[in-house]
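# Tertiary structure, described
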Amino acid sequence: MITLHHCVSARSFRPLWMLEEIGVAYELKMMPFPPRALARPYLEINPLGTVPAMFDGTVRMTESSAICQYLAARFSPGKLDVGIDEPAFGAYLNYLHFGEATLTFPQTLVLRYLHFETGERRQPQVAHDYGKWFLARLRTLEPLLSEQAFLCADRFTAADVSVGYALLLARHLGLDQQFTPSVRAYWERLQARPAYRRAMVAQNGAAISQGVPTIASPDIRPE
Ligand SMILES: N[C@@H](CCC(=O)N[C@@H](CS)C(=O)NCC(=O)O)C(=O)O
């Protein structure tokens, strides 16, 4: 069975959402955030101290977008995955990695310098600048999403899960108020997916049963 190590609303939400889209059995192991400080034994599982960590038999993976790519290719060929022979293959890989490398990265500076650092180490100007940078990058999706429902291949794919998580994080950070109209409509479409709702229910249920807080941080807006 697949095992996913997860913190509420962290990037490990991407593989959790994928698992719900696919419908494969999995075990969810919840930890408080950040596990590096609050769940020290986890360092033996992932010395980086980051989530996700996913195990599928002897396979161990720690990059959320790569896990989405893996799960789609392994369990959902031609559906959540885009095959090498499809014209949208390049666009698929590009958006899959755009979600993490281009959209999530600037938001982590907002998270750190507005929410996780304290006292003099807080840097509202840095947080503001990186929030603006994220929104400028996100805006490049507006023309595409004004013409199509999903990012590529005329269907919902793992690339939408990757970008969708960046939108979820933006919501937690209060940046969603500045989404452009088609991005906002896209985000609403993603949130309406039964698998997205099931993933939310699964993380909250697992957090409660495993004695972990159900919000990422008291400072951050809950879902
Ligand atoms: N590129 C990695 C980043 C993983 C990562 O930084 N995860 C964050 C949670 S969103 C984390 O665990 N941070 C805790 C820490 O750095 O101690 C991915 O996409 O999975």
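If you look the chain up in an unreviewed UniProt entry, it shows as Glutathione S-transferase GST-6.0 from Variovorax paradoxus.

As a further point, take the UniProt feature "domain: GST C-terminal" (unreviewed entry) in the chain. Feature annotation in UniProt places "domain: GST C-terminal" (unreviewed entry) on residues 86–215, given in this structure's numbering. From the first C-alpha to the last, residues 86–215 spans 40 Å; its make-up is 69% helix and 0% strand.

Running from amino to carboxyl end, helix 1 (residues 13–22) crosses helix 9 (residues 194–209) at an angle of 120°, the nearest separation of the two axes being 8 Å. One way to sum up the angle between helix 1 and helix 9 is to call them oblique. Crossing geometry of helix 1 relative to helix 9 is assigned as right-handed. Residues Phe 13, Leu 16, Trp 17, Glu 20 and Glu 21 of helix 1 form the contact with helix 9, whose participating residues are Ala 195, Tyr 196, Arg 198, Ala 199, Ala 202 and Gln 203. Among the residues making up the contact of helix 1 with helix 9, the classes are represented as seven nonpolar, one polar and three charged.

So, on to the environment of Ala 10. By secondary structure assignment, the location of Ala 10 is in the loop between strand 1 (2–6) and helix 1. Using a count of 22 C-beta atoms within 10 Å as the deciding quantity, one classes Ala 10 as buried. Those residues within four positions of Ala 10 in sequence are excluded, and the remaining contacts are Phe 33, Val 51 and Ala 216.

Before going further, it helps to examine the site of the ligand. All residues in the neighbourhood of the ligand are listed as Ala 10, Arg 11, Pro 34, Arg 36, Gly 49, Thr 50, Val 51, Pro 52, Glu 63, Ser 64, Ser 65 and Glu 100. For the shell around the ligand, the class distribution of residues is four nonpolar, four polar and four charged.

Reading the values: the criteria
Every chain is numbered on its own, with residues counted from 1 as its sequence reads. Note on the predicted model: pLDDT of at least 70 is required for a residue's local features to be given, and 80 or more for side-chain atom pairs to be given and counted; whole-chain, interface and lining totals, by contrast, use all residues. UniProt positions are given in the numbering used here, feature names are shortened, and annotations may be inferred rather than shown by experiment. Numbered from the N terminus, helices here are DSSP runs of H or I no shorter than four residues, and strands are runs of E no shorter than two. Working convention: axes come from line fits to C-alpha atoms, limited for helices to the stretch in contact. Angles between N-to-C directions cover 0 to 180 degrees. Here the angle decides the label: under 35 degrees means roughly parallel, over 145 means roughly antiparallel, 65 to 115 means roughly perpendicular, and every other value means oblique. Handedness of a helix crossing follows the sense of rotation of the near helix relative to the far helix, less than a right angle counterclockwise being left-handed and clockwise being right-handed. Any pair of residues counts as being in contact when their C-beta atoms, constructed from backbone geometry, are within 7 Å of one another. For this classification, Asp, Glu, Lys and Arg are treated as charged, while Ala, Val, Leu, Ile, Met, Phe, Trp, Tyr, Cys and Pro are nonpolar and the rest, including Gly, are polar. Residue burial is a threshold on neighbouring C-beta atoms within 10 Å of the residue's own C-beta, all placed from the backbone, with 20 or more meaning buried, 12 or fewer meaning exposed, and counts in between meaning partly exposed. All residues are tested the same way: a C-beta atom is placed from the backbone, and lying within 6 Å of a molecule or strand makes the residue near it.

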